[in-house]
Each structure stands twice: as structure tokens, then as C-alpha cells.
Amino acid sequence: MSGLSELSLGKLPMDSWMTHLPCALWDIPLNQLAIPGSHNAITYCLDMNDRSPVDLTQPDMLQKLDKYMKPLIRPFVYKWAKTQTVLGEIRQWLDAHPKEVIILSFSHFLGLSQELHMTLLTAIRNIFTSKLCPKMEALSLRNLWALGYQVIVAYEHNISSCHSDLWPPIPYWWANKCKAEALIEEFEQRKQCGRPGGFFVTGINLTEDLKYICTHPTESLKDLVMSTYPTLLGWVKEQTPGSKVHSVNIIAGDFITESQFVPIVVTLNEKLLKWSS
């Protein structure tokens with residue numbers, strides 16, 4: 001594909017958009033591309049008894065439900081949280097899409113011992129093997145393809161500095177707002193301070209606070225997200241990837257497959273093509 005005249009990036013097959021990017025973008029550092037991300041978690045710390053607490057960074061309502069309605073809430077949270085097995089499915093998907101690159105962020109290690117950290121790292125290495133990308137400077141699609149790397153693992157723990165295949169934590173811009181307008185205002189203020197030097201995430205995920213939950217008892221998080229996506233995605237369309245002060249990199253959201261989120265983020269890379277032409 002030679003350029004935008006042939007095909008808009010938003011029309012690419014989204015399960016292999018990196019594979020089909022024009023060659024003009026192959027040498028741009030990954031931390032300067034616009035990359036769609038999901039806020040959905042695939043790990044957990046809860047067991048079915050009382051030994052493990054709900055993460056203290058989770059919404060106040062969830063902590064109260066766990067405290068006062070533990071026998072009712074734990075089975076549901078536990079069942080949902082077992083989606084960590086998706087790592088094996090990710091490996092299968094990567095085998096079928098050898099030119100796609102993913103970034104996995106592991107964080108919120110509440111109560112995880114050093115031994116369990118090593119157990120987790122062993123599992124990650126056994127699953128992804130030679131696809132794991134070690135820390136390196138020249139991180140572009142062309143270089144990753146040449147070396148066969150497809151997985152970048154960011155690990156939010158101090159042990160990441162001791163392992164060459166664990167990248168440092170990726171800064172996550174989280175506004176902690178339940179209204180789209182307030183979230184956008186927060187991000188516009190942060191942009192004035194400049195983007196981080198490496199990878200970073202702009203999280204357009206909204207947060208249901210206790211007031212919102214009490215005043216909207218019949219609405220789910222999905223209802224909130226889908227009702228505000230027109231405003232949020234309108235803001236996303238105005239963003240620009242690259243190395244400049246106000247640029248974006250990874251943009252993450254909730255329920256991203258149920259809207260035009262992914263093609264809208266991928267299309268932002270057309271702005272990089274216009275600069276290079």
C-alpha cells in the first residue's frame with residue numbers, strides 16, 4: 001500500500017492493522033504511533049474465601065459490597081476474574097498474526113509475594129517464549145518483525161529492573177471522572193505539561209463514583225460508557241500521535257469492540273503520513 005489515496009487506515013482489517021500499515025510508518029518508534037488499547041483487566045487476586053482483599057484502588061462501592069455482602073459478591077467476582085487464562089489464547093492469536101505486536105501491562109500486585117512474582121514471570125515466559133521483546137532502543141515495527149518479537153511486557157514492580165524482558169511501568173493518564181466533559185478537560189490540562197518520553201496511555205475510561213451509582217441504580221458501566229462515547233471519540237479524533245509535546249500514544253477505553261474506537265485510533269496515524277509526505 002503506497003498511501004492514503006489507496007486506502008484509509010480506518011478501513012484496514014483491525015485484527016491485523018499493523019501488518020497492513022504503509023511502509024512509511026514501519027520505522028516510526030512504537031511510542032510515537034497511535035495504538036488502540038483496552039482497559040479490560042485479565043488478572044485477579046481474589047479467592048473464594050476471606051484471605052485476599054479487594055484491591056484498595058478499586059471503587060468504594062465494590063469494597064463495601066465485598067465487606068458487607070462477601071458470600072454473595074465473591075463467587076461472581078471470582079468467576080469473572082479467572083480470565084487470566086486468556087494469555088494462552090493471546091499466544092494462539094499471535095501465532096496466526098505474526099506481524100502484529102501487543103503490549104501487556106501487569107500491575108496492581110496486591111499481596112503478591114516474591115515467589116509468586118517468579119511463578120507469574122515463568123508462566124509469561126513459557127507462554128510467549130521467543131516472542132517476548134527485551135528492553136531495546138530501536139523499537140519500530142520493522143525491527144520487531146526482523147527479530148520475531150511480538151510481545152512487550154510492562155511490569156509495574158521493582159523487579160522489572162532486574163529482568164531484561166520486563167519493561168518498566170507505562171504511565172497511565174487516568175482522569176477518575178464519570179463525565180466525558182470532565183475527563184476531556186483533565187486530559188487537556190495534562191497535555192500542557194507534555195507527553196512522557198516513552199510509551200504512555202491516555203485512558204478514556206470513565207469511573208462510576210458512589211454518587212453516580214446511587215443516582216443511576218439501573219445503569220451499568222457499559223450504559224455509561226456507550227452513552228458518552230460520541231463525545232469521547234469526538235475528542236480522540238482531534239488528537240495527534242508523534243513526538244511533539246501534545247502528542248498521544250496508546251489510547252485505552254472500555255468496551256472498545258462495541259464502537260468505532262479501534263479504527264478511529266488507528267486512523268490517527270494518517271497524520272504521521274501527511275507529515276512524512
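Parameters at a glance
- Residues numbered from 1 in each chain as written.
- Predicted model: local features only at pLDDT ≥ 70, side-chain atom pairs only at ≥ 80, totals over all residues.
- Heavy atoms only, no water.
- Helix = DSSP H or I, 4+ residues; strand = E, 2+ residues; numbered from the N terminus.
- Buried < 20%, exposed > 50% of the residue type's maximum accessible area, 1.4 Å probe, protein only.
- Contact = heavy atoms within 4.5 Å.
- Areas by Shrake-Rupley, 256 points an atom, 1.4 Å probe, with all protein chains shown as cover.
- Salt bridge = Lys/Arg side-chain N within 4 Å of Asp/Glu carboxyl O.
- Core = buried A, V, L, I, M, F, W, Y, C linked by side-chain atoms within 4.5 Å.
- Phe/Tyr/Trp six-rings, centres within 6.5 Å; stacked < 30°, edge-to-face > 60°.
- Lys NZ or Arg CZ within 6 Å of the ring centre and 35° of its normal.

A. Molecular detail of the overall build of the protein chain. For the protein chain, the helix and strand inventory stands at ten helices and six strands. Among the 277 residues that make up the protein chain, the fraction classed as buried is 42%. Within the protein chain, residue pairs in contact and separated by at least 24 positions form 72% of the contacts whose partners lie at least 6 positions apart. Accessible surface computed for the protein chain: about 14700 Å², of which carbon and sulfur atoms make up 57%.

B. Main features of the pattern of salt bridges. Using the criterion set out here, one finds seven salt bridges in the structure. Across the salt bridge formed by Arg 125 and Asp 165, the nearest N and O atoms sit 2.8 Å from each other. Of this pair, Arg 125 sits in helix H4 (residues 114-128) while Asp 165 sits in the loop between strand S3 (151-155) and strand S4 (172-174), placing them 40 residues apart in sequence. Look at Arg 125 and you get partly exposed, because its relative accessible area is 27%. In this structure, Lys 222 and Glu 258 form a salt bridge, with 2.6 Å as the shortest nitrogen-oxygen distance. Linking Lys 222 in helix H8 (residues 221-237) with Glu 258 in the loop between strand S6 (250-253) and helix H9 (261-267), this pair joins segments that are 36 residues apart in sequence.

C. A look at the nonpolar core. The biggest cluster of nonpolar side chains holds 53 residues, and the ones touching the most others in it are Ile 204, Val 236 and Phe 261. Where this core is concerned, the elements lending two or more residues are helix H5 (141-147), S3, helix H6 (180-191), H8, S6, H9 and helix H10 (270-276). A per-element tally of this core places H8 first, with seven residues. The residues contacting Ile 204, other than those within four sequence positions of it, are Leu 183, Phe 187, Tyr 229, Leu 232, Leu 233, Trp 235, Val 236, Ile 251, Ala 252, Gly 253 and Phe 261. The next biggest cluster of nonpolar side chains, apart from the first, holds 16 residues, and it includes Phe 109, Ile 124, Val 151 and Val 153.

D. Structural detail: the packing of aromatic side chains. According to the stated counting rule, one finds six aromatic pairs in the structure shown. Look at Trp 26 and Trp 145: their rings are 5.2 Å apart centre to centre, the planes differ by 75 degrees, and that puts the pair in the edge-to-face class. One end of the pair, Trp 26, is in the segment before strand S1 (35-38); the other, Trp 145, is in helix H5, with 119 residues separating them in the sequence. Relative accessible area serves as the criterion here: at 18%, Trp 145 is assigned to the buried category. Each ring, one from Trp 167 and one from Phe 199, has its centre 6.3 Å from the other, and the planes form 70 degrees; the classification is edge-to-face. With Trp 167 in the loop between S3 and S4 and Phe 199 in the loop between H6 and strand S5 (201-203), this pair connects stretches of sequence that are 32 residues apart. Both residues of the pair, Trp 167 and Phe 199, belong to the buried class. Of note, Lys 99 hangs over the ring of Trp 26, and the distance from its end group to the ring centre comes to 5.5 Å. If you follow Lys 99 out to its NZ or CZ, it ends over the ring of Trp 145, 4.1 Å from the centre.

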